[in-house]
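# Fold and contact review
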Amino acid sequence: MERCSLIAPAKINLYLEIIGDRPDGFHELAMVMQSVDLVDRIDIHFISTDTIRVRCSHPGVPSDRTNLAYRAARLMAERFPDSFANLGGVEIHIDKQIPIAAGLAGGSANAAAVLVGLNLLWKLGLTQPELQELAAELGSDIPFCISGGTALATGRGEKISPLPNMEGLHVVLGKFRNLAVSTPWAYKTFREQFSHQYISDKAEQAERHREVHAGPMVSAIYKHDGQKIGKLLYNDLEKVVLPEFPEVAKLREAMADGEVLGTMMSGSGPTVFALAESEENACQLRDAVRAKIPDEELDLWVTKFFPTGISTVDN
Ligand code: C5P
């Protein structure tokens, strides 16, 4: 195999609770993650020089060492130097559909695809848990991006417990092109404002994880109850992002006003999503939001829940 093409889906957070601080400086989280059918396509092929090259269709994505896909390839080359030395360098091409700095894990999905792709191209035979362990070194969302579907994510977000697939729900995504929220800023601001509520005791943090795992959102997913899921959408980071970005709050309001099951910001934003029972309801909402906010910078997508993470495609 000389080349490999992969599909890397975006994610939304159906639930994001910040439980407390961690000794590593990150936050202890309990999240329910969901892949959606808005995907980047990643093509990886061997090149004759022993370098790693990244090219992206989107001009806003760096192709240097700061790119997460580049860092994923570099990590693989460091861990498997014989493969890198014997097979030579790789060029990674990213065809970008997932908006950047959006709270949709686009960069993380690209890195996840590179780990999966190089595992195949270099015939390493790493298992999914082994790939997810490597992924956690690069970023908190990357392990989920590998397995995808519907899952509970705890710890920094890197500990994944799969949940039953929730196919059949439709999603409207809205994002202003000219807005980006820095994830470190969102968590730092949350800590400044809400750390007095943090659970610091490890045993109590573990108890809170158990409560979320046995709680109403996870139970609604097991029951495939879209109405309940819509009502239970939750994201702690809204508390700091919405006051700072009134446009996002306004978009959220507009997206809650229609035949929808629920509306929420994804991750650290600024993307807002609404869940709908049918594609028709989702399209109606998209059109109504477009009419209410006639801003050229506002991008809207109608998509749906997606059952998997990274998958390969035939060329
Ligand atoms: O892991 P990732 O690179 O996606 O995290 C980006 C930033 O988000 C971290 O540098 C940190 O500031 C914040 N973060 C956090 N706790 C987490 C995940 C992310 O504080 N569990």
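Let us look at the structure shown here. Quick caveat, the model's predicted, so the values are computed rather than measured.

Let us look at the site of the ligand. Taken together, Phe26, His27, Leu29, Gly139, Ser140, Arg156, Thr183, Pro184 and Tyr187 are the residues near the ligand. Between the ligand and the protein, one listed contact pairs a nitrogen atom with a backbone N or O atom of histidine 27 at 2.8 Å. The separation between an oxygen atom of the ligand and a polar side-chain atom of serine 140 is 2.6 Å. In isolation the ligand exposes 450 Å². Once the protein is present, 74% of that is buried. A molecule is said to occupy a pocket when more than half its atoms come within 2 Å of that pocket's grid points, and by this definition the ligand occupies the largest pocket. Where the shell around the ligand is concerned, the elements lending two or more residues are strand 2 (27-47) and helix 6 (183-194).

Here the focus is empty space enclosed by the protein. Summed over the entire model, instances satisfying the criterion amount to 1 cavity of 30 Å³ or more. Approximately 30 Å³ is the volume found for the largest cavity. Taken together, Pro9, Ala10, Lys11, Ser35, Phe144, Cys145, Gly148 and Gly309 make up the full set of residues lining the largest cavity. Residues of the lining of the largest cavity, tallied by class, amount to 4 nonpolar, 3 polar and 1 charged.

Soluble globular proteins tend to pack their nonpolar side chains together in the buried interior. Counting 41 residues, the largest nonpolar core has Ile92, Leu115 and Leu118 as its most contacted members. Looking at this core, the elements that each hand over two or more residues are strand 1 (3-21), strand 2, strand 3 (52-56), helix 1 (68-79), strand 4 (89-95), helix 3 (106-121), helix 4 (128-138) and helix 5 (142-147). No other element matches the 9 residues that helix 3 contributes to this core. Ignoring sequence-local partners within four residues, the contact set of leucine 118 consists of Ile44, Ala73, Met76, Val90, Lys123 and Leu124. Within the second largest apolar cluster, 37 residues are counted, among which are Leu242, Ala254, Ala282 and Val289.

Rules of the game
- Residues numbered from 1 in each chain as written.
- Predicted model: local features only at pLDDT ≥ 70, side-chain atom pairs only at ≥ 80, totals over all residues.
- Heavy atoms only, no water.
- Near = heavy atom within 4 Å.
- Polar contact = N/O pair within 3.5 Å; in protein donor to acceptor, adjacent residues only side chain to side chain.
- Areas by Shrake-Rupley, 256 points an atom, 1.4 Å probe, with all protein chains shown as cover.
- 1 Å grid on protein atoms, 1.4 Å probe; cavity = no way out; pocket = protein on both sides within 12 Å on 5 of 7 lines; lining within 4 Å.
- Sits in = over half its atoms within 2 Å of the grid points.
- Helix = DSSP H or I, 4+ residues; strand = E, 2+ residues; numbered from the N terminus.
- Points joined across faces, edges and corners; volume = space filled by probe spheres on them.
- Nonpolar A, V, L, I, M, F, W, Y, C, P; charged D, E, K, R; others polar.
- Core = buried A, V, L, I, M, F, W, Y, C linked by side-chain atoms within 4.5 Å.
- Buried < 20%, exposed > 50% of the residue type's maximum accessible area, 1.4 Å probe, protein only.
- Contact = heavy atoms within 4.5 Å.

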